Amino acid sequence: MRQGIRRGQALAGAAVVAGALVAGCSAAGGTTISLYLSPEDHLPALIDRCTREAGGRYRIVYDKLPRAADGQREQLVRRLAAGDDSMDVLGLDVTWVPEFAEAGWIEPWTGADRAAATDGVLPGPLATARWNGKLYGATKNTNIQLLWYDDRLTPAPPRTFDEMMAQSQRLKAAGKPYEVVFTGAQYEGLVVFYNTLVASEGGHILSADGKTVVMDEGAVKALGLLKTLAGTGITDPSLTSQKEDEVRLAFQRGQAAFQLNWPFVYAAYAQEKPQELAHLKWAPYPAAGPGTPPRTTIGGYNLAISAYSPHKREAFEAALCLRNAESQKYQALLDGEPPSLASLYQDTTPLDPARPADASANPTMAQRFPMKDDIRTALGEAAVRPLTPAYQNLSTVISKVLSPPAGINPRATAQELRERLGDALESRGIIP
């Protein structure tokens, strides 16, 4: 999964607040704008609002893609490759923009649309919507991982990976929960984790233009750190099958001391272990070493306009409405999606400003995202996965070569990646 689990939050009274804010039937008639996006619990209410604001000129229809990112991409690629003109607004994982732009499947954002789509957007998320100097998407939401820990085990969080591993070993020797859990399965989550280590080591997998393989010394150091972390007896025995939710559950069961995962874990913990929520703490990702800031990999989704849409003008307008400040705040509070707009990290008003704030029925950003300042800080130093039209091929190769992480030989593995990623860029021997 490209950005972690997109998890709807069970909020008591949310339906009442939603009704006050965005409910309403769309006007009949007008142009139909088809939105293709993964399932999101509270998105239909936003669609109703944006349809109503269109004043009868168009109505937005929500065509749900599969939950899994690979299934989403497969459906979009097949239809766009066939020139399907029934799709208008496309929800793209942040890694797909170069591929879709290079294929000529999506329209660049220009003029007033571009200005509106970039206004107030944090630089890291905005970088995921660009390709070859042009803007091809409007950031809908972003995402970034944090370090999660229990303050009863770890009163002060580790600042570096070395500190975290040392603390884990001390907890293990004391017979306490000690594991360091992260996404070690052979899939995109492992690629995200490795990309974070590479960026934090100051390294590069590809050149800036995405055309050549680099795999420099920073990338080699990252391989060594990944091997050490996986091979010193402090990870979960099922590391090579752990994805985001398995990581979350291992931590919630009390077998792990440190969890490296997306912010959705806070909402899950609040719902499933509310009696212990006060002890769930978070901190920025550990640094690769002293004096080197961590650079954590961004997730999220962008809204793009199909090149085959017969209603491009209306599609751009609809996309802007679906990702404006009101929409991003609504989905942050109800769907747990970190916003890409800087202003929302300073927002203090509740979901419905006309009513008193309430943590369950009418929450504020501080109540729903108490970790928002750390998310905002992490986004300021964030890393983007290699930008290339061949990213799907790259991801397939990297996850395969790095699995299992404990079997890595840094120099030899780096050379294997150089060779196989070179083939991946040319689509040789790869099945996406």
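The shown structure was predicted, so the numbers you read here are calculated from the model rather than taken from an experiment. (Residues numbered from 1 in each chain as written. Predicted model: local features only at pLDDT ≥ 70, side-chain atom pairs only at ≥ 80, totals over all residues. Heavy atoms only, no water.)

### Quick notes on the overall build of the protein
Scanning the protein from terminus to terminus reveals 17 helices and 11 strands. C-alpha extents for the protein along the principal axes are approximately 65 × 55 × 30 Å. Scored against the burial criterion, the 432 residues of the protein give a buried share of 56%. At a minimum sequence separation of 6, the contacts of the protein that also span at least 24 residues come to 76%. Total accessible area on the protein is roughly 16200 Å²; 51% of this is exposed by carbon and sulfur atoms. (Helix = DSSP H or I, 4+ residues; strand = E, 2+ residues; numbered from the N terminus. Buried < 20%, exposed > 50% of the residue type's maximum accessible area, 1.4 Å probe, protein only. Contact = heavy atoms within 4.5 Å. Areas by Shrake-Rupley, 256 points an atom, 1.4 Å probe, with all protein chains shown as cover.)

### Structural notes on the pairing of strand β2 (residues 58-64)
The sheet contact formed by strand β1 (residues 31-37) and β2 spans 7 bridges and is parallel. Each bridged residue has a counterpart across the sheet, and for Ser34 the counterpart in β2 is Val61. For the segment spanning β1, helix α2 (residues 43-53) and β2, crossover handedness is right-handed. (Pairing = 2+ DSSP bridges. Right-handed = clockwise from strand over helix to strand, strands pointing away.)

### A few points about the layout of surface pockets
Taken as a whole, the largest pocket spans an internal volume of roughly 410 Å³. In this structure, the largest pocket is lined by 18 residues; those nearest its centre are His204, Leu206, Val384, Arg385 and Pro386. At the level of secondary structure, the elements contributing two or more residues to the lining of the largest pocket comprise α6 (123-127) and α8 (188-200). No other element matches α8, which puts 3 residues into the lining of the largest pocket. (1 Å grid on protein atoms, 1.4 Å probe; cavity = no way out; pocket = protein on both sides within 12 Å on 5 of 7 lines; lining within 4 Å. Points joined across faces, edges and corners; volume = space filled by probe spheres on them.)

### Section: the nonpolar core
The biggest cluster of nonpolar side chains holds 63 residues, and the ones touching the most others in it are Leu35, Ile60, Val89, Trp109, Leu322 and Ile375. It is helix α12 (residues 312-322) that provides the largest number of residues to this core, a total of 7 residues. Here Val89 is in contact with Ile33, Ser34, Leu35, Tyr36, Leu303, Ala304, Ile305, Ala315 and Ala319, once residues within four sequence places are set aside. (Core = buried A, V, L, I, M, F, W, Y, C linked by side-chain atoms within 4.5 Å.)

### Some points on the sheet that holds strand β11 (residues 298-305)
Note: strands within a sheet are paired through backbone hydrogen bonds, in either parallel or antiparallel orientation. Read from one edge to the other, the open sheet built from 5 strands follows the order β2-β1-β3-β11-β6, with strand pairing classed as mixed. Of all strands in the sheet, those with a lone pairing partner are β2 and β6 (138-144), marking the two edges. With direction set aside, neighbouring strand axes in the sheet form an average angle of 20°. Pairing of β6 with β11, which is carried by 6 bridges, proceeds in the antiparallel orientation. Paired with Asn141 across the two strands is Tyr301, which belongs to β11. Packing against the sheet, α12 makes contact with β1, β2, β3 (89-93) and β11, and its axis sits at approximately 150° to β11. (Axes fitted to C-alpha atoms, helices over the stretch in contact; angles between N-to-C directions.)

### Some points on the packing of aromatic side chains
Remark: the centre distance and the inter-plane angle together describe each pair of aromatic rings, the angle taken between the planes. Evaluated as defined, the whole model comprises 10 aromatic pairs. Measuring from centroid to centroid gives 5.3 Å for Phe100 and Trp105, while their planes differ by 85°, and the two rings are edge-to-face. On the basis of an interplanar angle of 90° and a centroid distance of 5.9 Å, the ring pair of Tyr266 and Trp282 is categorised as edge-to-face. Of this pair, Tyr266 sits in helix α11 (residues 264-272) while Trp282 sits in strand β10 (residues 280-283); the two residues are 16 residues apart in sequence, bridging distant segments of the chain. Counting every residue linked through ring pairs, the aromatic cluster contains Phe161, Phe182, Phe193 and Tyr285. The side chain of Lys243 reaches across the aromatic face of Tyr187, ending 4.9 Å from its centre. (Phe/Tyr/Trp six-rings, centres within 6.5 Å; stacked < 30°, edge-to-face > 60°. Lys NZ or Arg CZ within 6 Å of the ring centre and 35° of its normal.)

### Notes on the sheet that holds strand β9 (residues 256-261)
Taken together, the 4 strands give an open sheet; going across it, the order is β8-β9-β7-β10, and neighbouring strands pair in mixed fashion. Two strands lie at the open edges of the sheet, namely β8 (179-181) and β10, each paired on one side alone. Recorded for the sheet is a direction-independent mean angle of 20° between the axes of neighbouring strands. Where β8 meets β9, 3 bridges bridge the pair, whose relative direction is parallel. For Val180, the partnering residue across the bridge sits in β9 and is Phe258. Strands in contact with helix α10 (residues 244-252) are β7 (146-150), β8, β9 and β10; relative to β9, the strand with the most contacts, it is inclined by about 155°.

### Observations regarding the pattern of salt bridges
Going through the model one piece at a time under the given rule, you end up with 20 salt bridges. Residue Lys329 is joined to Asp347 by a salt bridge in which the shortest nitrogen-to-oxygen separation is 3.0 Å. Placement of Lys329 in helix α13 (residues 325-335) and of Asp347 in the loop between α13 and α14 (365-368) is noted, with a sequence separation of 18 residues between them. The same class applies to Lys329 as to Asp347, namely buried. A single network of salt bridges, built from pairs that share partners, joins Asp150, Arg152, Lys273 and Glu276. (Salt bridge = Lys/Arg side-chain N within 4 Å of Asp/Glu carboxyl O.)

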